[in-house]
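Here's the letter readout for the chains.
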Amino acid sequence: MDNCDLEKLLVDGVKLCPPFQPEITLYTATVPSNISSVTLDLLTSDCGASYRIVSMLHAKLCGDGSRTVKLEDGLNQVDVEVTSEDGTLKKYSIELTKLSASEASLSALIIKRQQLHPAFSPDTHEYSCQVNFDCHVVTVEAQVPDHNMQVTVKEACSSGSVRLNVGDTLVTVNVSSPDGTNSQVYTILITQEQIPLAVNFCEMNDQMEFECPVSLSALYRPFSINQSDPKAVFSAPYIDMLTRRSKVHPFTDRPLGDSWKVPESELNNRMSSAFVKCFFAHRGCESVLKLAEIGAHAKDCPNRPPVNLDTKEVTETSWYKKHFTSSRSLEIETKHCLQVRNWEQRLQTAVDEGNIDDLCSHAESQIKLYKEQLPKPGDMMQYEAGHSPLDYLEQAAIHYATAIKFKPRDYKLHFLLGKTLEEYYYATEMYGLKKRVLEEDDQNLNEAQTTGRQEEILAICRLHGFLGTPTVENQLKALDKEFHQLKEQGQSGKADYVQTLFIWLSKKVGKDCKAGVCDEEGWLHRAFLKYLDAWSLSPEKWELSLQVGRLLLLQRKSREALQHLLSALALAPSQAALRFYMGLAVLQQDGVSVEEEREAILFLQQGLEYVMDQYFTSPDQDREQKQDAEYALSTVNVQFLRGCLSLGALLSKHMTSGQKICPVLVYHTVAVFAARAVSMCVGRGELIQQLEWVLLDAHFALLEVLMQQQSMIRQVWIAQRCQALTALIRLSCIAPCRELLDMQEKVCEVGVMTTPRSSTALCLLGLSQLAHYDSDPSSESGQAAMADACLSFQASIALEGLELNGDPPEELTKQKWWRDHLAKEKEKTDRQASVKATEAAGPPEATAAGRAAGRGIRSPGRGGTTATAKSAASAPARGVKTAAAAKQSGQTARGAAAKSDGRGKSPAKASSKTQLSSCKSKQECSPPQAESAAASVKEESSLSGASTPAIMNVKSHAPRLGLARALSRSSDSHQQVCCLYEDVITMAPEVHDAYIELANLLVKSDPLAAVDVYSRFPLKPVNEQTFDDAFITGEIVRILMKQELFDHPQLAPNLIAYGKVMGLSCLEKYIDILDGKFMTSLLKTVYAEIHDKSVDDEDLREFFRFKCWI
């Protein structure tokens, strides 16, 4: 009697949402544009019930019992009122949306197995999607609400699949309305992850064109710099990294303007289709495939390194048979007692009542939150109180420490706390995260304090005769002299502070983490102590011995480290991380034999290949080994990267025909790892400097190898590499030191040897020579460097507008290093000619003897390489380059020439100047380095049958700025210096340094002339000015205020600009002076303009009355 339900509710040709159920009373449906009416099919549950259909759009019944409803574009609401026999009423509502014939939109946009950002909405037309680097094809599905709409996916084939480029692929989906009058475009930017390994193109020309200047691997999302000539192309992450440090062109130092990044889509398309070799070609894979497909291929490559290493490679060794055949243990000299330290007690503050499982579970959840909150490059590190990554990491450490309090004999808890503390070290170093909650750390300085300390150090250097920009070595010498001098004078308090400066500076100059692990108050040392605690409780666990052993290696305790690693490897002979650090430990021992070096090569190679293979391993595979060796084989671990460089040096020394991996592949892989690690770093701590050293050393080693393989076509490539490495050196965070300056000068010299008529190469050489002078201006070598710098800049200017091909400029031939280079080239040519003549005339026996003698020449270099590899294994000494240089035996090093000309290089310290020497190939005949880049290009074009126009040197402000700086060191060339600065300002009016340095020359003798120079700078509107701009406005204000020229027309506008950028607090001293001089009108104008208000503003007038200005 009271049943008023419908048993059936259908709309002809339309799908209701949700599907009909009697208890649901509201439905929606979309109707195509070509349908003008729909028919309802209804049936009541009770045959005695009745219904009627009401169209709310027309507010009337749809005819006498008719079930057909007419529709109009848009929303049409139809109600079905059901009345039971007893009069009970129930209403079902249907909202029918009829699409317009002119509408164009999607109802769904899907990329199979991928996620769109943001989530799809018909009114949102731009999306992005991130895919793994091994994904080269995706399927795009575009669904429309009206089957009469036309959809096209431009980049898709008939099946809807889209082939991806390396990096970015823009997919456009075009939707047309049924009547053809409207259309809508949806775009999806699909970004493939960066390929994590070094790419080897099949063609040399492709390798040169598509090589990123930073990683020396394939470009990733390439961008060029607007209006750069010649065009400079960088990978997006690395150009962002370089320009975060300094908003200048990396190659020309010219300030970057607006919209300076230009996407190179066409180049990216060509590169993605270029053919490359498999990552595992060294293991026998002969596949040649397109770059975009290499990730997918490598994942399934049958030549990937084996998952399970052969245990016989360990158990059949002499050391294993000696120590572990009869016994399963080795006596270890480490003596460690478990204890609770003060800093550990301060961590034991979690409130859980001794529930170990809950404490560990909470710690794991905090570490997960920490990883989710880690900043990415370019992120603004602003976190709510208690929600920064370090807050989460601190909570994890607190919970693990508290768990140890309740269960102090559980080795695993100590191990987990050690891992957390080590992560704390990396978080503070890599991401610049700082926190003072766990303890007060007087070494945890902000940027301003760091700058203050550096200025104090430079002041002490000047007191002790180290002028200019002294190297770190000279800064430490000056501090040591000051310390002893203060001690002798009885000023112990000041001496202690100088000692603090000495310790602080010495920590910043290392090339590995030795300082961090030896610093008893540092997080890395505390992690080491916890690993020792864990090992003392369970010495049979290989993962504990691994962590202890690798950190002992960093402390140069190689014998003790080897004992731990030997014991661990005996327990787990197939572990790649153990083998890698075992190889490093072997290299650090005294008197390493050739057989031991070969064993180290095997173990180091297996560790590197394990890391390479992990990029193609699913997350669940080999999970236990990944976790236990997490930091040991991390690509941000400087110790691991340094070990790989040692591997490259050893491979160069022990080259064999059956060798699976070559030095070039190792160096390239290290360069890729180091570049990615540096780009991830947000701060500028010691770790980023250590990573930069790895990157520079990998670049340097690859440059060596490239020069050993010289050919006409490679000359341009060598010049390209020299320019890239020079830019990285100049833009690095590394403090100037002798080693860095030597590397810079040597690389620049190589660039000039390769292209002696290149204006750019000569300018870069001049800059390196000027840096050499600034590091030690009073020495004989410094004076010689200054003279050479002036000649290099003059040659660079003279060659502008001329061809690269031709004779070296006269200014270059006057430089001693160039004459020494030519003399060595002539000597080598004469020696080669003599050998050829002897071979042609002499008997076979003589020829064989000559070859034997040639081999004998190289033998002394091998011993040096052994020592070098040992050094690099534990510390980033000059090992790699020394090893490679050892192969250049029989050739006179550049360093020797430097010593002979009085530049004072210490023979006890290997430097970059001794590494490349002449860097000739093993081939008996190679083209002279003096061949120009233009000749190389012509040679290349002649091979292809094409003609190439002559390459011309472009005009640049850089050599004029360099020459002005060099001449400004002397007081007798004032007029010439001013003219050069004026030329720079004319050619590059946006370069701040030219105005600042010219004004500094004038300010003492003619302050108003300095103001005029500053006033010529093309300032942007105040709201767009930078801190660099504020320096110029601030200098104008400072000079005019010092001269008491309060009515000068430049004072008011520059006070306003300076105050707007730097804040009113920076104007306080000037405001007090102006107030004392009763310059109230000026003050009111400045205050009003800074606050963007009128002088007559009521609030300001109240303030002016308070200040007695009105």
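Chains are numbered independently. Their residues run from 1 in the order of the written sequence. In view of the model being predicted, local features appear only for residues whose pLDDT reaches at least 70, and side-chain atom pairs are presented and counted only at 80 or more, with totals across whole chains, interfaces and linings using the full set of residues. Hydrogens and water molecules were not included; the side-chain quantities draw on all heavy atoms of the structure.

### Quick word on the packing of helix α21 (residues 638-653) against helix α23 (residues 686-708)
To characterise two packed helices, one gives the angle between the axes of the helices and the distance between these axes.
Reasoning step 1: As a packed pair, α21 and α23 sit with axes 10 Å apart at the nearest point and diverge in direction by 15°. In terms of orientation, α21 lies roughly parallel with respect to α23. The handedness of the crossing between α21 and α23 is left-handed. Along its contact with α21, which presents Val638, Leu641, Arg642 and Leu645, the element α23 presents Leu687, Gln690, Leu691, Trp693, Val694, Asp697 and Ala698.
Reasoning step 2: Throughout, the ten residues Ala, Val, Leu, Ile, Met, Phe, Trp, Tyr, Cys and Pro are labelled nonpolar, Asp, Glu, Lys and Arg are labelled charged, and all others, Gly among them, are labelled polar. For the contact of α21 with α23, the residue count by class is eight nonpolar, one polar and two charged. Lines fitted to C-alpha atoms define the axes, with helix axes restricted to the stretch in contact, and inter-axis angles between N-to-C directions lie between 0 and 180 degrees. Only DSSP runs of H or I reaching four residues or more are called helices, and only runs of E reaching two or more are called strands; each is numbered from the N terminus. Should an angle fall under 35 degrees it is called roughly parallel, over 145 degrees roughly antiparallel, and 65 to 115 degrees roughly perpendicular, with every other angle called oblique. Here a crossing is taken to be left-handed if its near helix is turned anticlockwise relative to the far helix by less than a right angle, and right-handed if that turn runs clockwise. Note on contacts: a residue pair is in contact if any heavy atoms of the two residues lie within 4.5 Å.

### What to know about the packing of helix α16 (residues 542-554) against helix α17 (residues 558-571)
Reasoning step 1: Relative orientation of the contacting elements α16 and α17 amounts to 155°, with a least axis distance of 8 Å. Considered as vectors, α16 and α17 are oriented roughly antiparallel to each other. Crossing hand, α16 versus α17: left-handed. Residue-level inspection shows Trp542, Ser545, Leu546, Val548, Gly549, Leu552 and Leu553 of α16 in contact with α17, the latter providing Ser558, Glu560, Ala561, His564, Leu565, Ala568 and Leu571.
Reasoning step 2: For the contact of α16 with α17, the residue count by class is nine nonpolar, four polar and one charged.

### As for the side chain of serine 679
Reasoning step 1: As for its position among the elements, serine 679 is in helix α22 (residues 663-680).
Reasoning step 2: Summary of the burial criterion: residues with accessible area below 20% of their type's maximum are buried, those above 50% are exposed, and those between are partly exposed, where the area comes from a 1.4 Å probe applied to protein chains only. Judged by its relative accessible area of 8%, serine 679 is buried.
Reasoning step 3: Polar contact is defined as a pair of N or O atoms within 3.5 Å, subject to the rule that within protein one atom must be able to donate a hydrogen and the other to accept it, and that residues adjacent in sequence are counted only when both atoms are side-chain atoms. A distance of 2.8 Å separates a polar side-chain atom of serine 679 from the backbone oxygen of arginine 676.

### A word on the sheet that holds strand β18 (residues 261-263)
Reasoning step 1: Strand pairing is defined by DSSP finding a minimum of two bridges between the two strands. Taken in spatial order, the three strands make up an open sheet running β17-β16-β18, and their pairing is antiparallel. The open sheet has two edge strands with one neighbour each: β17 (233-235) and β18. Adjacent strand axes in the sheet meet at a mean angle of 40° when their direction is disregarded.
Reasoning step 2: In terms of strand pairing, strand β16 (residues 222-225) meets β17 through three bridges, oriented antiparallel.

### Observations regarding empty space enclosed by the protein
Reasoning step 1: Residues are said to line a cavity or pocket when one of their atoms sits within 4 Å of a point; the points come from a 1 Å grid over protein atoms alone, cavities being sets where a 1.4 Å probe fits but cannot get out and pockets being open sets with protein on both sides within 12 Å along at least five of seven lines. Grid points are joined across faces, edges and corners, and a volume is the space filled by probe spheres set on the points. Tallied over the entire structure, the rule returns five cavities of 30 Å³ or more.
Reasoning step 2: One number sums up the size of the largest cavity: a volume of about 80 Å³.
Reasoning step 3: Here the residues of the lining of the largest cavity are counted per class, giving eight nonpolar, three polar and no charged.

### Quick look at the environment of isoleucine 457
Reasoning step 1: Tracing the sequence through the fold places isoleucine 457 in helix α11 (residues 447-463).
Reasoning step 2: Residues isoleucine 457 and alanine 478, spaced 21 residues apart in sequence, show a C-alpha to C-alpha distance of 8.3 Å.
Reasoning step 3: Those residues within four positions of isoleucine 457 in sequence are excluded, and the remaining contacts are Gln475, Leu479, Leu501, Trp504 and Leu505.

### Here we look at the packing of aromatic side chains
Reasoning step 1: Stacked, edge-to-face and tilted are the three classes for Phe, Tyr and Trp ring pairs, Trp counted by its six-membered ring, which pair at centre distances within 6.5 Å; planes under 30 degrees apart are stacked, over 60 edge-to-face, the rest tilted. Under the criterion given, the structure shown has 23 aromatic pairs.
Reasoning step 2: Aromatic side chains phenylalanine 20 and tyrosine 92 sit 6.3 Å apart centroid to centroid with 45° between the ring planes, which places their arrangement in the tilted category. With a gap of 72 residues between them, phenylalanine 20 in the loop between β1 (6-11) and β2 (26-31) and tyrosine 92 in strand β8 (residues 89-98) connect regions that are remote in the sequence. Per residue, the accessibility class of phenylalanine 20 equals that of tyrosine 92, and both read buried.
Reasoning step 3: Ring centres 5.0 Å apart and planes at 45° place the aromatic pair phenylalanine 580 and phenylalanine 640 in the tilted group. One end of the pair, phenylalanine 580, is in helix α18 (residues 576-587); the other, phenylalanine 640, is in helix α21, and 60 residues separate them in sequence.
Reasoning step 4: Phenylalanine 580 sits in the buried class, given a relative accessible area of 0%.

### Some words on the environment of glutamate 81
Reasoning step 1: Here glutamate 81 lies in strand β7 (residues 74-83).
Reasoning step 2: Each C-alpha atom, one on glutamate 81 and one on lysine 91, is 4.4 Å from the other, the two residues being ten residues apart in sequence.
Reasoning step 3: When residues no more than four places from it in sequence are discounted, the contact partners of glutamate 81 are Ser50, Tyr51, Arg52, Val54, Leu89, Lys90 and Lys91.
Reasoning step 4: At a separation of 2.7 Å, a polar atom in the side chain of glutamate 81 contacts the side chain of arginine 52.

### Thoughts on the sheet that holds β1
Reasoning step 1: Spatially, the three strands line up as an open sheet ordered β1-β3-β6, and their pairing is antiparallel. Each edge of the open sheet carries a strand with a single partner, namely β1 and β6 (68-70). Neighbouring strand axes in the sheet, compared pairwise and without regard to direction, differ in orientation by 25° on average.

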